[in-house]
Amino acid sequence: MAGKPQIPNLAEIWNDIKSGKIISDISKSVTESQVWTSSFRHGYADTPRNRVLQIASNVWLHLHPVKIHRHALRIKFTWCMGGITFLMFLVTVVTGVVLMFYYRPVGEYAYFDMKYLQYDVPFGMLMRNMHRWAAHSMVITVWLHMLRVFLTGSYKPPREFNWVIGVFLVTFTLLLSFTGYLLPWDQLAMWAVTVGTNMARGTPFLGHEGPFAEFVGVTSRYDARSVLLGGSLVGPPALLRFYVLHCILIPLVAGALMIVHFWRIRKDGGISGPL
Amino acid sequence: MAAPAKKKVEVVPEKLHVWPYLVRLEFLCAIIVMVLLTVWSITIDAPLEEAANPSKTPNPSKAPWYFLGLQDILVYFDPWFAGVVAPVLIIVGLMLIPYLDVNPKGNGYYTYTERKAAIWVYSFGFLVLWIALIIMGVFLRGPGWNLFMPWEYWDPHKVVALTNVDLPYAFGFRDYVWSSLFGGAVIIGYFAIGTAAYFVFERKAIKNVGFMRMFLKINLFLIMVGIVIKIVLRLGFNIKYVWVTPWFNI
Ligand code: HEM
C-alpha cells in the first residue's frame, strides 16, 4: 500500500508515551537525520573511541592532545595558571566587544561614553568592571604562570621555544593592558600613559632626550615617542592610536601566539613531567 | 595473582583521556574563576576620575601599577636606562634563560636543591626587583615621588634635601675629563673583573658550557646586581651618577 498514509492509532501513541518509547523514537529520528549527522561527527556514548573523537574532531578541543600523562592533571603542578590566563583573555575579548558598541575613541566623546556606559547602558558598569578586573587578573596570573614554569624547569629542552613564545606573550599582555589604560580618557588614564610614554623620549638614538640623539637629529615632534603618540603629547591622536592597537593589532597578534603556544605544548610532548 | 595486577593497571593507567579527565577539570576551574570574577565585578567598580586635563598634572603621576617597578628605578637611573634599555634587557634576558641554563636537572618537577643558583637569581629578580618595587610604588610613593610610610600624611610640600654627588666627585675628582675617565674605569672595571673572576672560578665549565653562554650569563647577572649596587649607593651614600659623559650618565 505504498503512498497511502497510515492512520495513527491513538491507543498505540498513548502506549508509546506511557512506556517512554516515544522519547527514544524521537531522539532516534533526530540523531539519524541528515542535519544531525552532518553537524555531529560522533556519538556521545562513553566509549574510548568517542573520548578520542571528542577531542580530535573538535576544532577548539583539539588543541589538546587526546591523551595526557596523569601527572599533568595535578593542580599542584600547573596551578592551572596558564588556563586561567587564557580564560581571562577570553573574558576581556567578550566584554571588550560589548564595550566597543558604546565607546568612541574620539577626544570629545570618549570620556562621556564612559559615563554613559556606567550610568545608562544596561549592565554597562558590570561589563566595564569585568573587562578591567579580568585584564588586571591576567597580568597577575601570567606572572604566576611564568613563575610556575620557571620553578618546574619546564623551559628546559625540548620546551625552550615555547618559553620564548611565552616571553612575547607576557610582553603583549602588558602592552594590551597599557594601551587599554588610556581609553577611559580620564585624569588617571592620561597621566599614567604620559608617565609611561615619556620614557620613549630617552630611547638611545631615537628619542629626542636620549643618548646620541644629536647624531640622529630627532626632535620632540619627530622621535620614538611622537611615533607612538601621533604627536608630541598625549592627545586625541594618541587616543585613536592606542584604541586601534588595543582592540585590533595586539589582540590579533597575542591570540595567534597563544594558539602557537598551545600547539607547541602538544608537539613538545604535553606538559613537562618528571619522566 | 594475574587478575589483581591487571585490575590495578586499569585503575591507574599512565596515560588518561583528555576527555573527560582534563576537560572537566578545566571546566570546573573556569566556573570557579568566573564566579569569583563576577562577584568582584559586582562589588568593586573600576575607577573613573575626572575628565582628562592636559593642564592639570596630578602629583604624584604614576604609571599603571604593573610598571611601577620600572618607574621606581627612575629614581636611580636616567630614562634611557630605566625606561628603555632595562625593559629590553629584561625581555631579552628572559628569552635567553632556556639557552643559558644548561643544567639538565630539575626538568619538569619542583626542586630547589638541584638548581639553587637558578632559583635564587629568578626569585630575586621577580620577587624583589619587580614585585617588591611595585608594592612600594603603589603604596609608599607619594607627592614628588617621595617615600611615605602608610601612616604618614602625603604632604605635597615635603622637602627632601638633595645632597647627592657623583661618584668621581666623592673620590676627590674635580676635573670633568678626569671624572669621566674615572667613572668609565669603574663601570668597565666592574664588568671586566666580574667576568674574569667568573671565568676563573668556572674554568672547568668552559669546555662544556661554552664561552658565549658563560659570557652572556655573567654579564646579564652583573647588570642585575649593578642595579642593586646603584640603589645602595644612592640610598646609603647619596651618589647620583657613577659615570658622567657628554652623551649619557650612568
Ligand atoms: C597569554 C599568556 C599565556 C597563556 C594564555 C598561556 C597558556 C598556557 C597553558 C594553558 C599552558 C598549559 C599548562 C599550564 O596551564 O600551566 C601553558 C604552558 C606553558 N607555558 Fe604558557 N601561557 C602564557 C604565557 C606564558 C609565559 C609568559 C611563559 C614563559 C615565559 C609561558 C611558558 C610556558 C611553557 C614553557 C609551558 C609548558 C609548561 C610545561 O610543559 O610544564 N607561557 N601555557
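See above for the structure.
Residues numbered from 1 in each chain as written. Chains lettered and ligands numbered in written order. Predicted model: local features only at pLDDT ≥ 70, side-chain atom pairs only at ≥ 80, totals over all residues. Heavy atoms only, no water.

## As for the overall build of chain B
Right, so step 1: The helix and strand inventory of chain B stands at 9 helices and 1 strand.
Right, so step 2: For a compact globule of 250 residues, the expected C-alpha radius of gyration is about 18 Å, and chain B comes in at 26 Å, more than 25% above that figure.
Right, so step 3: Seen through its principal axes, chain B has C-alpha atoms that stretch 90 × 60 × 30 Å.
Right, so step 4: In chain B, buried positions account for 38% of the 250 residues.
Right, so step 5: Long-range contacts, defined as pairs at least 24 residues apart, comprise 61% of the intrachain contacts of chain B with a sequence gap of at least 6.
Right, so step 6: When the accessible area of chain B is evaluated, it comes to approximately 15100 Å², of which 73% is carbon and sulfur surface.
Right, so step 7: Here chain B carries 21 positive and 15 negative side-chain charges, and the mean point of each set is 12 Å from the other. (Helix = DSSP H or I, 4+ residues; strand = E, 2+ residues; numbered from the N terminus. Rg over C-alpha atoms; globule rule 2.2 N^0.38 Å. Buried < 20%, exposed > 50% of the residue type's maximum accessible area, 1.4 Å probe, protein only. Contact = heavy atoms within 4.5 Å. Areas by Shrake-Rupley, 256 points an atom, 1.4 Å probe, with all protein chains shown as cover. Lys, Arg positive; Asp, Glu negative; His and termini not counted. Charge placed at Lys NZ, Arg CZ, Asp CG, Glu CD.)

## Notes on helix α13 (residues 236-267) of chain A
Residue and element names in this part refer to chain A.
Right, so step 1: With 32 residues, α13 should cover 46 Å at 1.5 Å per step; its first-to-last C-alpha distance of 45 Å lies within 8% of that length.
Right, so step 2: Of all the bends in α13, the greatest measures close to 40° and is centred on L245.
Right, so step 3: For α13, the set of buried residues is A238, L239, F242, Y243, H246, I250, A254, G255, L257, M258, H261 and F262.
Right, so step 4: Residues of α13 that are buried make contact with α6 (81-102), α7 (110-119), α8 (124-151), α9 (160-182), α10 (187-198) and α12 (224-229).
Right, so step 5: Just downstream of α13, G269 is the residue with a positive phi angle, here 90°. (Expected span 1.5 Å × (residues − 1). Bend = angle between axes of the 7 residues up to and from the residue.)

## Some points on a nonpolar patch on the surface
Right, so step 1: Together, L240(A), V244(A), I248(A), L249(A), L252(A) and V253(A) give the surface a local cluster of nonpolar side chains, amounting to about 520 Å² of exposed area.
Right, so step 2: Within the secondary structure, L249(A) is located in helix α13. (Patch = residues over 30% accessible without salt bridge, like charges linked within 9 Å, V, L, I, M, F, W, Y side chains within 5 Å. Salt bridge = Lys/Arg side-chain N within 4 Å of Asp/Glu carboxyl O.)

## Focus on the side chain of N219(B)
Right, so step 1: Here N219(B) shows up in helix α9 (residues 211-237).
Right, so step 2: The contacts of N219(B), once residues within four sequence positions are left out, are F191(B) and T195(B).

## As for the nonpolar core
Right, so step 1: In terms of nonpolar packing, the biggest core is built from 52 residues, with W143(A), F150(A), W163(A), L182(A), W185(A), Y66(B) and Y122(B) touching the most fellow members.
Right, so step 2: When contributions to this core are tallied by element, the ones reaching two or more residues are α7, α8, α9, α10 and α13 of chain A together with α3 (68-73), α4 (79-100) and α5 (116-139) of chain B.
Right, so step 3: Counting residues in each nonpolar core, the second largest holds 23 residues, with M81(A), M138(A), F172(A) and C29(B) among its members. (Core = buried A, V, L, I, M, F, W, Y, C linked by side-chain atoms within 4.5 Å.)

## Quick word on the site of the ligand
All names here are of chain A.
Right, so step 1: H145, R148, G166, H261 and S272 are the nearest of the 25 residues found near the ligand.
Right, so step 2: Contact distances for the ligand include 3.1 Å between an oxygen atom and a side-chain N or O atom of R159.
Right, so step 3: For the shell around the ligand, the secondary-structure elements that each account for two or more residues are α6, α8, α9 and α13.
Right, so step 4: Classifying every residue of the shell around the ligand gives 13 nonpolar, 10 polar and 2 charged. (Near = heavy atom within 4 Å. Polar contact = N/O pair within 3.5 Å; in protein donor to acceptor, adjacent residues only side chain to side chain. Nonpolar A, V, L, I, M, F, W, Y, C, P; charged D, E, K, R; others polar.)

## Structural notes on the coordination of the iron atom of the ligand
Residues and elements named next belong to chain A.
Right, so step 1: The coordination sphere of the iron atom of the ligand contains the protein donors H145 (NE2) and H261 (NE2), at a distance range of 2.0 to 2.1 Å.
Right, so step 2: Considering all 6 donor atoms around the iron atom of the ligand, the spread of angles at the metal, 86 to 179°, places the coordination shape in the octahedral class. Remark: H261 occurs in helix α13 and H145 occurs in helix α8; sequence separation between them is 116 residues.
Right, so step 3: Looking at H145, the relative accessible area reads 18%, which means it is buried. (Donors = N, O, S within 2.8 Å, 3.2 Å for Na, K, Ca; no water. Tetrahedral: all angles 85-135°; square planar, octahedral: opposite > 155°, others 65-115°.)

## Some thoughts on the interface of chain B and chain A
Right, so step 1: Contacts between the two partners involve 76 residues from chain B and, on the opposite side, 84 residues from chain A.
Right, so step 2: Buried surface at the junction of chain B and chain A, both sides included, amounts to about 7500 Å², of which 72% is carbon and sulfur.
Right, so step 3: Contact with chain A buries area across many residues of chain B, yet W19(B), L48(B) and Y110(B) alone supply 10% of it, more than any other trio.
Right, so step 4: When the shortest N-O distance is used, the salt bridge between D101(B) and K156(A) registers 3.6 Å.
Right, so step 5: Where chain B packs against chain A, one counts 33 residue pairs in polar contact (both at pLDDT 80 or more).
Right, so step 6: When residues of the side of chain B that touches chain A are traced back to their parent elements, those giving at least two are β1 (15-17), α2 (18-43), α4 and α5 of chain B.
Right, so step 7: Ranked by residue count, the leading element in the side of chain B that touches chain A is α2(B), at 17 residues.
Right, so step 8: Tallied by class, the residues present in the side of chain B that touches chain A amount to 52 nonpolar, 13 polar and 11 charged.
Right, so step 9: Bridging between strand β1 (residues 67-69) of chain A and β1(B) involves 3 bridges; their strand directions are antiparallel. Paired with K67(A) across the strands is H17(B), a residue of β1(B). (Buried area = accessible area lost by both parts, 1.4 Å probe. Pairing = 2+ DSSP bridges.)

## Considering the environment of P65(A)
Right, so step 1: One can find P65(A) in the loop between α4 (48-56) and β1.
Right, so step 2: P65(A) gets classed as partly exposed once you look at its relative accessible area, which sits at 22%.
Right, so step 3: Expressed as a C-alpha distance, the spacing of P65(A) and I265(A), which sit 200 residues apart in the sequence, is 8.9 Å.
Right, so step 4: Not counting chain neighbours up to four residues away, the residues in contact with P65(A) comprise I55(A), R266(A) and V18(B).

## A look at empty space enclosed by the protein
Right, so step 1: Tallied over the full model, the rule gives 1 cavity of 30 Å³ or more.
Right, so step 2: Its boundaries defined by the atoms lining it, the largest cavity holds a volume of some 30 Å³.
Right, so step 3: Looking at the largest cavity, the residues that line it are R132(A), Y181(A), P184(A), D186(A), L188(A), A189(A) and P47(B).
Right, so step 4: Grouping the amino acids of the lining of the largest cavity by side-chain chemistry returns 5 nonpolar, no polar and 2 charged. (1 Å grid on protein atoms, 1.4 Å probe; cavity = no way out; pocket = protein on both sides within 12 Å on 5 of 7 lines; lining within 4 Å. Points joined across faces, edges and corners; volume = space filled by probe spheres on them.)

## Structural notes on the packing of α9(A) against α10(A)
Residue and element names in this part refer to chain A.
Right, so step 1: For the pair α9 and α10, interaxial distance at closest approach is 7 Å and the crossing angle is 130°. One element, α9, and the other, α10, form an angle in the oblique class. Seen from α9, the contacting residues are F178, Y181 and L182; seen from α10, they are L188, A189, M190, A192, V193, G196 and T197.
Right, so step 2: Across the contact of α9 with α10, the residue classes break down as 8 nonpolar, 2 polar and no charged. (Axes fitted to C-alpha atoms, helices over the stretch in contact; angles between N-to-C directions. Parallel < 35°, antiparallel > 145°, perpendicular 65-115°, else oblique.)

## Observations concerning α4(B)
Right, so step 1: The sharpest bend along α4(B) measures roughly 35° and falls at V85(B), with the proline P87(B) sitting one to four residues further on.
Right, so step 2: For α4(B), every residue scored as buried is listed here: W80(B), F81(B), A82(B), V84(B), A86(B), P87(B), G93(B), L94(B), M95(B), I97(B), P98(B) and L100(B).
Right, so step 3: On its buried face, α4(B) sits against α8 and α9 of chain A together with α3, α5 and α9 of chain B.

## Side note on the packing of aromatic side chains
Right, so step 1: According to the stated counting rule, one finds 33 aromatic pairs over all chains in the structure shown.
Right, so step 2: Ring geometry for Y66(B) versus F67(B): centroids 5.0 Å apart, planes at 75°, classification edge-to-face.
Right, so step 3: Looking at Y66(B), the relative accessible area reads 0%, which means it is buried.
Right, so step 4: According to the relative accessible area criterion, F67(B) is buried, its value standing at 18%.
Right, so step 5: Ring centres of W80(B) and F248(B) lie 5.8 Å apart, and the angle between their planes is 70°; this geometry places the pair in the edge-to-face category. With a gap of 168 residues between them, W80(B) in helix α4 and F248(B) in the segment after α9 connect regions that are remote in the sequence. When sorted by exposure, W80(B) lands in the same class as F248(B), which is buried.
Right, so step 6: Clustering of aromatic rings is evident, with ring pairs tying together W143(A), F150(A), Y155(A), W163(A), F178(A), F242(A), W65(B), Y66(B), F67(B), Y122(B), F126(B) and W130(B).
Right, so step 7: Over the aromatic face of Y109(A) sits the side chain of R104(A), whose NZ or CZ is 4.0 Å from the ring centroid.
Right, so step 8: The ring of Y169(B) has R174(B) lying over it, and the distance from NZ or CZ to the ring centre is 3.6 Å. (Phe/Tyr/Trp six-rings, centres within 6.5 Å; stacked < 30°, edge-to-face > 60°. Lys NZ or Arg CZ within 6 Å of the ring centre and 35° of its normal.)

Any functional reading would require information beyond the geometric quantities listed.
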